Amino acid sequence: MHTFSVIIPHHNIPQLLQRCLDSIPEVPDVQVIVVDDNSSADKVDFDHFPGLERKYTECIFDKQGGGAGHARNVGMQHADGRWLVFADADDFFTPDAFSILNRYKDEPYNIILFKANSVDSDNYTPSDRHFKLNNSIEGSLRGDISNVEAVLSMPVPWCKMFCREFILRNEITYDETPVANDMMFVAMATCLSTSARVAVCTDVLYVVTTRNGSLASGWYRNSDNYLMRLEVLIRYNKLLQAYPELRKEPLLIYLVRSLRLGVTTFLRAMCLLLQKGALFSGCSTVIKIINNHTLKI
């Protein structure tokens, strides 16, 4: 059994995958699992696929084309590490990331959250994708928010260690949707953990990148993807109903923003919210923000 299982979904960006792999040490206690999500032979040389020559690395070529969530689920089926660590193929780890992880490998937590940096993928100029995460961690350390709230401030899989036994025992898996496949995985893992089993750390573990053409940069420009994300947010808020202290997503704001994609998308979003009884879901969050702002004034 390994200490860490690093799971990386990949689709059509082999050069960036190689960069990600280069940031991971080839050591016996780090299992690396790359799951290729039906990449095109026009963009990937499968005979020289990144990772094939690496030690302690397994490359799985999945032809289902189920997206990153499906690829992560496949990776978890092959993982045997005590800790699950997830990375996106276009991101990479900091030089001392695995020394940091080793310091926490014997801790009794279900989830450990770390800080990140962010850069442009091409020219490495600073970006802002890590600001919200890092500010939430600082807020947690000050006592302004709980560790659970810090994790849910950005429900993405990177910059976190997940106890594999905890994930398996609770049968937590990723949604196999084209967008927002990770939100419910992180939310379920976090909500099923008590605050005492969630930790936050100031160590910078990961570098998340900004890249034209990535799913993260363009989901809101596509009507179907926008509505799919809204459907996930409805389920996310429903899960959090049992936790009144946790911040729900104000779905009315998502409805208004759907107008940017046209009246048809707005009407489809309205129908979805009405059908699910979620039109005013998350409004309490807006009220709390307004009240807190008023008190500060």
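Note that the structure is predicted; figures quoted are calculated from it, not measured. (Residues numbered from 1 in each chain as written. Predicted model: local features only at pLDDT ≥ 70, side-chain atom pairs only at ≥ 80, totals over all residues. Heavy atoms only, no water.)

Trainee: Summarise the overall build of the protein; cite the residues concerned and give the values.
Mentor: If you tally the helices and strands in the protein, you get 12 helices and eight strands. Here the C-alpha radius of gyration of the protein, 19 Å, is about what a compact globule of 297 residues would show, namely 19 Å. Sequence-distant contacts in the protein: of pairs separated by 6 or more residues, those separated by 24 or more amount to 77%. Carbon and sulfur atoms form 53% of the exposed surface of the protein, whose accessible area is close to 14200 Å². Each charge class in the protein was averaged separately, 30 positive and 34 negative side chains, and the resulting centres sit 8 Å apart. (Helix = DSSP H or I, 4+ residues; strand = E, 2+ residues; numbered from the N terminus. Rg over C-alpha atoms; globule rule 2.2 N^0.38 Å. Contact = heavy atoms within 4.5 Å. Areas by Shrake-Rupley, 256 points an atom, 1.4 Å probe, with all protein chains shown as cover. Lys, Arg positive; Asp, Glu negative; His and termini not counted. Charge placed at Lys NZ, Arg CZ, Asp CG, Glu CD.)

Trainee: Give me the nonpolar core: which residues, what numbers.
Mentor: By size, the foremost hydrophobic cluster in this structure holds 90 residues, and its most contacted members are Ile8 and Phe93. Looking at this core element by element, the count peaks at eight residues for helix α9 (residues 223–240). Once residues within four sequence positions are removed from consideration, Ile8 is found in contact with Leu17, Cys20, Leu21, Ile24, Val32, Ile33, Val34, Val35, Ala87, Asp88 and Ala89. (Core = buried A, V, L, I, M, F, W, Y, C linked by side-chain atoms within 4.5 Å. Buried < 20%, exposed > 50% of the residue type's maximum accessible area, 1.4 Å probe, protein only.)

Trainee: Please provide a residue-by-residue account of the environment of Thr57, values included.
Mentor: For Thr57, the position within the fold is in strand β3 (residues 57–62). Note: C-alpha distance between Thr57 and Ala79 (22 residues apart in sequence) is 11 Å. With residues up to four places along the chain from it excluded, the contact list for Thr57 reads Val32 and Gly51. Within polar-contact distance, the side chain of Thr57 engages the side chain of Arg54 at 3.1 Å. Engagement of the side chain of Thr57 in a polar contact is seen with the backbone oxygen of Lys55, the distance being 3.0 Å. (Polar contact = N/O pair within 3.5 Å; in protein donor to acceptor, adjacent residues only side chain to side chain.)

Trainee: I'd love a proper account of the pattern of salt bridges, names of residues and values included.
Mentor: This structure, assessed with the given rule, holds 11 salt bridges. The salt bridge partner of Lys115 is Glu138, with a shortest N-O separation of 2.4 Å. With Lys115 in strand β6 (residues 111–120) and Glu138 in helix α4 (residues 131–142), this residue pair connects regions lying 23 residues apart in the sequence. The residue Asp144 makes a salt bridge to Arg142 at a minimum N-O spacing of 2.9 Å. (Salt bridge = Lys/Arg side-chain N within 4 Å of Asp/Glu carboxyl O.)

Trainee: Break down the packing of aromatic side chains for me, with residues and values.
Mentor: Scanning all chains against the criterion turns up 14 aromatic pairs. Taking the centre distance of 5.4 Å and the plane angle of 75° together, the rings of Tyr104 and Phe114 count as edge-to-face. Taken together, the positions of Tyr104 in the loop between α3 (97–103) and β6 and Phe114 in strand β6 put the pair 10 residues apart, joining distant regions of the chain. Within the aromatic cluster, the residues linked to one another by ring pairs are Phe86, Phe162, Tyr174 and Phe185. The ring of Tyr174 has Arg72 lying over it, and the distance from NZ or CZ to the ring centre is 5.3 Å. Cation over ring: Arg257 sits above Tyr254, and NZ or CZ is 5.9 Å from the ring centre. (Phe/Tyr/Trp six-rings, centres within 6.5 Å; stacked < 30°, edge-to-face > 60°. Lys NZ or Arg CZ within 6 Å of the ring centre and 35° of its normal.)

Trainee: Lay out unusual backbone geometry with the relevant residues and their values.
Mentor: For Asn38, which is not a glycine, the phi torsion comes out positive at approximately 55°. Position of Asn38 relative to the elements: it lies in the loop between β2 (30–37) and β3. Relative accessible area serves as the criterion here: at 33%, Asn38 is assigned to the partly exposed category. Residues other than glycine seldom take positive phi values, yet Ala180 does so here, at roughly 55°. You can see Ala180 is positioned in the loop between α6 (164–169) and α7 (183–191). The exposure class assigned to Ala180 is buried, which follows from its relative accessible area of 7%.

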